[in-house]
Amino acid sequence: MTEQNENVTAKKVWFITGAGRGMGTDIAKAALSAGHAVVATGRNPEKLTRAVGASENLLAVKLDVTDPAAAEAAVQAAVDRFGRIDVLVNNAGNFYAGFFEEITPQDFRAQIETTMFGPMNVTRAALPVLRAQRSGLVVTVSSTAGIAGGEFLTAYAASKFGIEGWAESLAPEIAPFGIRTMIVEPGFFRTELLTPESTRYADSTIEDYAERTRQTVAAWQSMNGQQGGDPAKLANALIQLAELDEPPLRFAAGADAVGVFETRAKDLQNQAIAHRELSSNLAHQDA
Ligand SMILES: NC(=O)c1ccc[n+]([C@@H]2O[C@H](COP(=O)([O-])OP(=O)(O)OC[C@H]3O[C@@H](n4cnc5c(N)ncnc54)[C@H](OP(=O)(O)O)[C@@H]3O)[C@@H](O)[C@H]2O)c1
């Protein structure tokens, strides 16, 4: 099939990171089922086609999101094959869990490299294509930990809060070029995120934390495979949202995520007014 024909048969071109397992695989499958072309990217290209299923509308490309040169090469491969990119999904992720004092600086940095700099690397590579088209959608899979922190989440939440600030700030920069931005905050979804392939628990090194570390690791481990969210349903929701002229800047994925949003909104409202007098009287006399 020629490149031209592929452009005609496929509705849109989706470029997805971390598509070899978990949510990324479901998003790739859903996009293909909806008639789109998919550039499925991942660290292990063989795994990609096996996971997603061979299709003439599928291009599997090797991409470790921490490698900016690989991101540029993957974007080029996508354009060479399909001529354009309509929806970029920054999905790849992992989880470095543990109390801040017990997470090594190397692991903390590795979290930020993957889930904060990773999406930036890929988006930086893709934006010239989207800008030239004067269209596109940049979807970044964050987490409810991107709007609300919690114990054991210092590294993960720092990366997710960071990527949300980046995406929210990027949105008005690229909107004039017809490029939309959507941040997705999943609650708990039954993927492989809590398996040892994706989660690294910090070693217990400080006696003061030892009992809490043991209990908290056990609690997280017991959640593996029990998460309520169905990633196939989330994938279909993303296909629907990507069709909107004005996709939401933030999408709460899952009933638990809606709850986190609502609690966060109330918390901020309460914090805004808790010290209203003091907060509001910090200006120069002449202001
Ligand atoms: N599942 C949840 O409950 C949940 C909740 C909130 C947010 N999220 C977010 O959802 C996204 C997808 O996670 P998931 O739940 O689907 O987890 P998952 O099942 O563990 O899948 C993670 C995917 O990311 C890939 N990946 C990891 N590091 C990568 C790198 N450096 N370069 C390229 N790919 C890399 C993995 O590929 P390999 O096979 O090569 O490791 C895998 O395909 C993540 O951003 C995660 O933070 C998930």
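Everything quoted here is computed from the prediction, not taken from an experiment.

Caption draft 1: Representation of the side chain of Thr213. Tracing the chain through its elements places Thr213 in helix H7 (residues 210-223). With sequence-adjacent residues up to four places away left out, Thr213 is seen in contact with Phe99, Glu102, Phe152 and Ser204.

Caption draft 2: Molecular detail of the sheet that holds strand S7 (residues 179-186). An order of S3-S2-S1-S4-S6-S7-S9 is seen for the 7 strands of this open sheet, with the pairing classed as parallel. The sheet terminates laterally at strand S3 (58-62) and strand S9 (250-253), the two strands that pair on one side only. Recorded for the sheet is a direction-independent mean angle of 15° between the axes of neighbouring strands. Relative to S3, strand S2 (residues 37-42) is paired through 5 bridges, and the arrangement is parallel. Looking at the pairing, Ala40 lines up with Ala60 of S3.

Caption draft 3: Looking closely at the environment of Leu238. Along the polypeptide, Leu238 turns up in helix H8 (residues 231-242). A residue is classified by how much of its surface remains accessible, and Leu238, at 3% relative accessible area, is buried. A sequence separation of 120 residues divides Leu238 from Gly118, and the C-alpha atoms of the two residues are 20 Å apart. Those residues within four positions of Leu238 in sequence are excluded, and the remaining contacts are Trp14, Ile27, Met182, Val184 and Phe251.

Caption draft 4: Region of the structure containing the packing of aromatic side chains. Taken as a whole, this structure holds 6 aromatic pairs when the rule is applied. Judged by centre distance (5.0 Å) and plane angle (20°), the ring pair of Phe99 and Tyr209 falls under stacked. Taken together, the positions of Phe99 in the loop between strand S5 (95-97) and helix H5 (105-133) and Tyr209 in the loop between strand S8 (199-201) and H7 put the pair 110 residues apart, joining distant regions of the chain. The rings of Phe95, Tyr156, Phe188 and Trp220 are connected pair by pair, giving a single aromatic cluster.

Caption draft 5: Molecular detail of the site of the ligand. Within the structure, the ligand sits among 28 residues, and Arg43, Lys47, Tyr156, Thr191 and Ser198 are positioned closest to it. A distance of 2.7 Å separates an oxygen atom of the ligand from a polar backbone atom of Met23. Contact between the ligand and Asp64: a nitrogen atom at 2.9 Å from a side-chain N or O atom of the residue. Broken down by class, the residue content of the shell around the ligand amounts to 10 nonpolar, 12 polar and 6 charged.

Reading the values: the criteria
Residues numbered from 1 in each chain as written. Predicted model: local features only at pLDDT ≥ 70, side-chain atom pairs only at ≥ 80, totals over all residues. Heavy atoms only, no water. Helix = DSSP H or I, 4+ residues; strand = E, 2+ residues; numbered from the N terminus. Contact = heavy atoms within 4.5 Å. Pairing = 2+ DSSP bridges. Axes fitted to C-alpha atoms, helices over the stretch in contact; angles between N-to-C directions. Buried < 20%, exposed > 50% of the residue type's maximum accessible area, 1.4 Å probe, protein only. Phe/Tyr/Trp six-rings, centres within 6.5 Å; stacked < 30°, edge-to-face > 60°. Near = heavy atom within 4 Å. Polar contact = N/O pair within 3.5 Å; in protein donor to acceptor, adjacent residues only side chain to side chain. Nonpolar A, V, L, I, M, F, W, Y, C, P; charged D, E, K, R; others polar.

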